[in-house]
Amino acid sequence: MSTLLGAKQPVLPYSMKHVHHYDNAKFRPRSFFQMVTQALVKSSIRRDCARCSTGKILVLLMFSGLAYLMFTHTSPVPSKSDELMHSSFRKYEDKKLIAGFKGFWRRPPRIPPRLTPDEKVNHNTSIFDSEKLNEKAKWEGRQNKVKEAFIHAWSGYSKYAMGYDELMPLSQRGTDGLGGLGATVVDALDTAMIMGANDIVLEAGTWIEKNLLERITAKGQVNLFETTIRVLGGLLSAYHLSGGEKGTDIIKFEGPKPTVYLEIAKDLADRLLVAFTASPTSIPFSDVVLRDRTAHPAPGGVSSTSEVSTVQLEFNYLSTVLNDSKYGLEAMKVLEHMRSLPTVQGLVPIYISPHSGEFIGQNIRLGSRGDSYYEYLLKVWLQHGTSQDSNFQYLHKMYEEAMKGVRSLLVRKSIPKGLVFVGELPSGSEDDFSPKMDHLVCFLPGTLALGATKGFTKKQAMKDNLVSFADLDNLNLAEDLTKTCFEMYAVTSTGLAPEIAYFHTEGYSEVGLDGGNKSSEYINDIIIKPADRHNLLRPETVESLFVLYRITEDPKYREWGWQIFEAFEKHTKVDSGGFTSLNDVTKVPPERRDKMETFFLGETLKYIYLLFGESSVIPLDKFVFNTEAHPFPII
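Residues numbered from 1 in each chain as written. Predicted model: local features only at pLDDT ≥ 70, side-chain atom pairs only at ≥ 80, totals over all residues. Heavy atoms only, no water.

If you check an unreviewed UniProt entry, the chain appears there as alpha-1,2-Mannosidase from Aquilegia coerulea. Per its UniProt entry, the chain bears the Pathway (unreviewed entry) comment "Protein modification; protein glycosylation." Taken from UniProt, the Sequence similarities (unreviewed entry) comment for the chain reads in full: "Belongs to the glycosyl hydrolase 47 family." (UniProt positions renumbered as here; feature names shortened; annotations may be inferred.)

Asks: I'm lost on the state of the cysteines in this one. Help?
Replies: Chemically, a disulfide is nothing more than a covalent bond linking the sulfur atoms of two cysteines. Scanning all chains against the criterion turns up one disulfide. Residue Cys442 pairs covalently with Cys485 via a disulfide, S to S 2.1 Å. Sign of the S-S torsion, about -100° for the bond between Cys442 and Cys485, identifies this disulfide as left-handed. Taken together, the residues span a long stretch of sequence, with Cys442 in the loop between strand E13 (436-438) and helix H19 (444-453) and Cys485 in helix H21 (residues 469-490) at a distance of 43 residues. Take Cys442 and Cys485: they sit in the same class, and that class is buried. (Disulfide = S-S within 2.5 Å. Helix = DSSP H or I, 4+ residues; strand = E, 2+ residues; numbered from the N terminus. Buried < 20%, exposed > 50% of the residue type's maximum accessible area, 1.4 Å probe, protein only.)

Asks: What should I look at first to understand the sheet that holds strand E7 (residues 294-296) in this one?
Replies: Within a sheet, neighbouring strands are paired by backbone hydrogen bonds and run either parallel or antiparallel to one another. As summarised here, the arrangement of the three strands in space is E5-E6-E7, forming an open sheet in which the pairing is antiparallel. With partners counted over all chains shown, the strands left at the sheet margins are strand E5 (221-223) and E7, one partner each. The average angle at which neighbouring strand axes cross in this sheet is 30°, direction not considered. Relative to strand E6 (residues 287-289), E5 runs antiparallel, the two sharing three bridges. Bridge assignment links Gln221 to a residue of E6, and that residue is Val289. (Pairing = 2+ DSSP bridges. Axes fitted to C-alpha atoms, helices over the stretch in contact; angles between N-to-C directions.)

Asks: Is there a simple way to explain the packing of aromatic side chains in this structure?
Replies: What characterises a pair of aromatic rings is the spacing of the ring centres plus the angle enclosed by the ring planes. According to the stated counting rule, one finds 17 aromatic pairs in the structure shown. Ring centres of Phe276 and Phe315 lie 5.6 Å apart, and the angle between their planes is 80°; this geometry places the pair in the edge-to-face category. Residue Phe276 is located in helix H13 (residues 274-277), and its partner Phe315 is located in helix H15 (residues 312-322); the two are separated by 39 residues in the primary sequence. Accessibility classification places Phe276 together with Phe315 in one group, the buried group. Taking the centre distance of 5.5 Å and the plane angle of 35° together, the rings of Phe546 and Tyr607 count as tilted. Taken together, the residues span a long stretch of sequence, with Phe546 in helix H22 (residues 540-552) and Tyr607 in helix H24 (residues 598-611) at a distance of 61 residues. (Phe/Tyr/Trp six-rings, centres within 6.5 Å; stacked < 30°, edge-to-face > 60°.)

Take a look at the structure:
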C-alpha cells in the first residue's frame, strides 16, 4: 500500500463522463467487453442467476440489446431549426452525469413537433397576408388625408366663394373667370361622390338644383371648351354616379334626383350647340352667349385645335343617355373633318380656322392648345368600345400615327443624366426643335399607357394578347416620361413643378436657372426660367401617376404621388380654407398667388385619391375620364 501511495499518481479522469471507461482500481482504460463482464460478475443478478444457464443467456441478451441500442441509435438529420431546438439534447449526450446503467434509462427531452409542408405554406401565407393588410392600411390612411384636404379646400370655397367660379383663398372672396356658372361647385361634385363626402354632395347638389339653371339662362359669354369639359362633363358624371339611367345605383346620395343633373345638362348642351351650327364649317366657334343662344369666334378669328376636338366625349354621352343622336353627331363632325386634313406624321398645328376649316400656322406641340386633341383621339375610340368593326376605328389609327410622330419628331433626352422629354416644333418639322415642355404635356404618359393596354393591367393585357410591340414601346415611353414629370417636381426647392420647363441638350443650355434643390440628381438637366416658375395646382402629372399605377401596378407611382401631395399640403394649403397657386416654386417659402383653380378639386385631388385606393373603383376598362377627370362609362 505504501508503495502504491508513494508512486506517481496517474492523471485522474477530468469529468464524470469518463468514469465508465476506466478501471476504477488502476485508472486505466478498460474495454466495453470488460465493463459488461465485470458488471455480470459483481452484480447481484449473477449471484441470483449463476446456477441457471437460461438466466445467463437472458442477462447476456438484455445487456447486448441495450448496448446495441446505445451505440447504433441515431436521430434523423436535423434541420437548422431542429438543431437549435435540440441543443439541450446534445448537451445531455455530451455530459452523461449518471454512472452505471442508469444512464441507459434516462429519457431524452421532448422534441417540439415539426410543421408539415402544408402548415409551413399556411404560416408563410399568413405573414404575406399580414404585410398586405399593413400596406393596405397605409394607403387607406393616406387616402383619408387626401379626403381631408378636399374637405379643407371645399370649406374655404363654401365659406368665401359659394356660387362663384373660383376661390381666392388669401383674399377670402370669389371670382368669376369661367362665365359665372359656379364652375367649382359642378367640377367638385363627382369628386365628393367618389370620396363619399356626403355633406359636400348634398351642399353642392342642392346649390345646383336651386341656382344653376337660372344662371345658365341669364349669363352671357362662355368658352365652349371650358364649359363643356367642366360644367357639362361634371353634370353628366354626377348623373351617372348618382344612379341615373344607364348609370350606377350602388351608392345612394342625398340631394337632387339624378334626372335634375340630366335636365340641366340638356339645357346647357342645347345652348352650346349653336357654336357648331353657327359656324360655316365643321369647326365650331369658340365662344357662346348662353342667354342669346348665339356664338362667335375668338378674337383673331381662329380656334385652338385642342379646344374644338375636346368636346366629343361629353356630347356623345349625352346622346346616349337621352337617346338623341344630334349632340354626338354635331361634335363628331369636327374629328371627321380633321381626318381629311394634312398632318406632319400624324401631328397637327395648334390653331385651326372655323371659317376655312384649315389649320393655321405650323406650330406643333403637345402643350397648351394642342394637348387634348391627341388625348381624345384615343378616348373617344375607347368610349365606343375597341371593336375592329367600329365606325370610330379611324380615330385609333389617327392616334397611332400621331404617337409615331411624337416618337420620331418630339422625343429627346436631356444631358447629362438622360431624362426623356417631349419638346416642340414652333415653326414646323423643317425648322429648329425647342426643348420646352409644358406641365400640360404630362398628360401624355397616362394616355400612352391607356392606349397600350386599353385600360387593362399590363399583366392581363399581355396574358390576353391585347398588346403589340408598338404598344409595349409606347408603354416604355410612358414610364420614361412619367419619371421626367415627377423629376420636374423633385428638382425644385418646394417639391412642386413649374408651369414650363426647358431641358439641357447639346444645342441648348442656360446657366443659373435650376430648380433650387441642389440634392436632385437632375439639377443640371432641367432649366426653369423666371417667367415659368409658377404652379397652378395642375393635375396632369398625378393623372399619369394614377394611370401608370393602375396599369403597371408598380408601387413607386404611389410613393411619388404621396411626395407631391405632401408638397401641396406644405406649401399651398391656406389655414382659413382652400389651397392657393404659387408664383415661384424654386424658393422657400414660395410667394403665393391667391387662386384656387376649379381643377384642383375636380382633377388633382381626385386623381391622387384614386391613386391611393382600390383599382376596382372607377376601373379603367369600364370608364373613360374626360380631360377634366369626369368619368363616363364605356358604351
